[in-house]
Amino acid sequence: GVHWSYEGQEGPEHWGSLSKENSACSAGSQQSPIDITGAIKADIPDLATDWRSGGTMLNNGHTIEVKAASGTLKRGDKTYDLVQYHFHAPSEHLVDGKNFQMEVHFVHKHAETGALGVVGVFMVPGAANSTFASLAERFPQKAGEEIALNGVDPTGLLPASLKYWAYEGSLTTPPCSEIVDWMVAMDPIEVDPADIKRFTALHSMNARPAVSGNRRYILSSI
Ligand code: BO1
Ligand code: ZN
C-alpha cells in the first residue's frame, strides 16, 4: 500500500485520494470507526475465545501489532482464526460521543469467506493489567523492529464479561475495506497509566476519527 499517516497531507481526510485501492476510505458507506449510540437489543450469539500465548510483537510505524501464534473466536456457528492484535490511542470507537484512552483490536479471519471479525476492547487508566504490562515493557521502540513473544496470552486483555455491540463496518486504516464484522466489548479493561504512556510515547495519535453511521444498525447483546 501507499504511505499514509494520521495527520497532514497523508492524514485520514486524504486517505481516499492517496491511491485507487483506498477509494473505500472516501467513497464507502459502511466505514469504521463510528460513534456507538442508539444500539438495538438483539439476540446475537455469545462470543467464545480460545487464544494461545506467543507470537511476535512488531512496531509497524502505525501501531504496535502482535502477530498471534494461534487462536480462534467462536460466534454462534461461525469460527474465526486470530491473526493479530494491535492498539490505538485514543480509542477509535466512541460510546455516546465519548472516547477512551486506548482501544485494542483483535483481528480474526473467517477461513471460508475471508471476512474479518474484529473484537474491540476499550482500555482505561486504573489498576495495572499484567498482560499489557508485559507487552509495554518490551514494546519495540523503532518502526520495523520485531521481537519474539513468549508466554503472553492475549486472553489477559479481555474484560470479565464479553457482552458487546455488533455492526458491519470496515478496516479503520487504508485500504478501509468494508469486510469487517465489528464486535465492540461494552466493558473496558483497566491498565496502568504508566503503560498507556509507554504506548503513547511511540504512537501518540493513531485513531481514525469516527465516521457517519449512515443509518446502520448497531446491535447490542444485552
Ligand atoms: S482495524 O482493526 O480496523 N484497525 C484493521 C486495520 C487494518 C487491517 C486489519 C485490521 N489490515 C488487514 C490487512 C489484511 C490482513 C489483516 C490481518 O489485516 O488488510 O491483508 O490479512 O493482519
Ligand atoms: Zn485497529
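Everything below is about the structure shown above.
Just so it is clear, the model here is predicted, and its values are computed rather than measured. (Residues numbered from 1 in each chain as written. Chains lettered and ligands numbered in written order. Predicted model: local features only at pLDDT ≥ 70, side-chain atom pairs only at ≥ 80, totals over all residues. Heavy atoms only, no water.)

Some remarks on the state of the cysteines
Working step 1: Here the structure, examined in full by the defined rule, presents one disulfide.
Working step 2: Note on cysteine connectivity: cysteine 25 is disulfide-linked to cysteine 176, with sulfurs 2.0 Å apart. Here cysteine 25 and cysteine 176 share a disulfide; its torsion about the S-S bond, 90°, makes the bridge right-handed. Here cysteine 25 is found in helix H2 (residues 23-27), whereas its partner cysteine 176 is found in the loop between strand S12 (164-169) and strand S13 (180-185), with 151 residues between them in sequence.
Working step 3: Overall, cysteine 25 belongs to the buried group, its relative accessible area being 10%.
Working step 4: Residue classification places cysteine 176 among the buried positions, given a relative accessible area of 0%. (Disulfide = S-S within 2.5 Å. Helix = DSSP H or I, 4+ residues; strand = E, 2+ residues; numbered from the N terminus. Buried < 20%, exposed > 50% of the residue type's maximum accessible area, 1.4 Å probe, protein only.)

Some remarks on the pairing of strand S5 (residues 64-67)
Working step 1: Both strand S4 (residues 56-59) and S5 contribute to a ladder of four bridges, which runs antiparallel. Residue pairing across strands places asparagine 59 opposite isoleucine 64, the latter belonging to S5.
Working step 2: Hairpin connection, S4 to S5: the antiparallel pair is bridged by four residues, and glycine 61 has positive phi, about 90°.
Working step 3: Judged from the three bridges that link them, S5 and strand S7 (residues 78-88) form a sheet pairing that is antiparallel. Residue pairing across strands places glutamate 65 opposite histidine 86, the latter belonging to S7. (Pairing = 2+ DSSP bridges.)

Some thoughts on the coordination of the zinc ion (ligand 2)
Working step 1: Within the first shell, the zinc ion (ligand 2) binds the protein through His86 (NE2), His88 (NE2) and His105 (ND1), at distances of 2.0 Å.
Working step 2: Each of the four donor atoms around the zinc ion (ligand 2) contributes to a set of angles spanning 98 to 118°, which defines the coordination as tetrahedral.
Working step 3: Between the donor residues of the zinc ion (ligand 2), the gaps in sequence give the motif H-x1-H-x16-H. Taken as a pair, histidine 86 and histidine 88 share a single burial class, namely buried. (Donors = N, O, S within 2.8 Å, 3.2 Å for Na, K, Ca; no water. Tetrahedral: all angles 85-135°; square planar, octahedral: opposite > 155°, others 65-115°.)

Overview of the site of ligand 1
Working step 1: In the vicinity of ligand 1, the contacting residues are Val83, Gln84, His86, His88, His105, Val107, Lys109, Val118, Leu171, Thr172, Thr173 and Trp182.
Working step 2: Measuring from an oxygen atom of ligand 1, one finds a side-chain N or O atom of glutamine 84 at 3.3 Å.
Working step 3: Between an oxygen atom of ligand 1 and a side-chain N or O atom of histidine 105, the distance comes to 3.4 Å.
Working step 4: Here ligand 1, which alone exposes 500 Å², has 72% of that area covered by the protein.
Working step 5: In a pocket analysis with a 2 Å cut-off to the grid points, ligand 1 is assigned to the largest pocket.
Working step 6: Listed by contribution, the elements that provide at least two residues to the shell around ligand 1 are S7 and strand S9 (102-110).
Working step 7: Looking at which element gives the most residues to the shell around ligand 1, the answer is S7, with four residues.
Working step 8: Residue classes in the shell around ligand 1 are distributed as five nonpolar, six polar and one charged. (Near = heavy atom within 4 Å. Polar contact = N/O pair within 3.5 Å; in protein donor to acceptor, adjacent residues only side chain to side chain. Areas by Shrake-Rupley, 256 points an atom, 1.4 Å probe, with all protein chains shown as cover. 1 Å grid on protein atoms, 1.4 Å probe; cavity = no way out; pocket = protein on both sides within 12 Å on 5 of 7 lines; lining within 4 Å. Sits in = over half its atoms within 2 Å of the grid points. Nonpolar A, V, L, I, M, F, W, Y, C, P; charged D, E, K, R; others polar.)

Description of the environment of phenylalanine 132
Working step 1: Relative to the helices and strands, phenylalanine 132 is located in helix H3 (residues 130-136).
Working step 2: Under the relative-accessibility criterion, phenylalanine 132 is labelled buried at 0%.
Working step 3: With 51 residues separating them along the chain, phenylalanine 132 and aspartate 81 place their C-alpha atoms 22 Å apart.
Working step 4: Ignoring any residue separated from it by four or fewer positions in sequence, one finds phenylalanine 132 in contact with Phe87, Met102, Met123, Phe139, Leu157, Val191, Asp195 and Ile196. (Contact = heavy atoms within 4.5 Å.)

With respect to the packing of aromatic side chains
Working step 1: Under the defined criterion, the tally for this structure stands at twelve aromatic pairs.
Working step 2: Relative to phenylalanine 132, the ring of phenylalanine 87 lies with its centre 5.2 Å away and its plane at 55°, an arrangement referred to as tilted. Taken together, the positions of phenylalanine 87 in strand S7 and phenylalanine 132 in helix H3 put the pair 45 residues apart, joining distant regions of the chain.
Working step 3: A cation sits over an aromatic face here: lysine 98 above phenylalanine 100, 4.3 Å from the ring centre. (Phe/Tyr/Trp six-rings, centres within 6.5 Å; stacked < 30°, edge-to-face > 60°. Lys NZ or Arg CZ within 6 Å of the ring centre and 35° of its normal.)

With respect to the pattern of salt bridges
Working step 1: Applying the stated rule across the entire model yields five salt bridges.
Working step 2: With its nearest N and O atoms 3.0 Å apart, the salt bridge here joins arginine 52 to aspartate 50.
Working step 3: Across the salt bridge formed by lysine 67 and glutamate 146, the nearest N and O atoms sit 3.4 Å from each other. Taken together, the residues lysine 67 in strand S5 and glutamate 146 in strand S11 (residues 146-148) connect sequence positions 79 residues apart. (Salt bridge = Lys/Arg side-chain N within 4 Å of Asp/Glu carboxyl O.)

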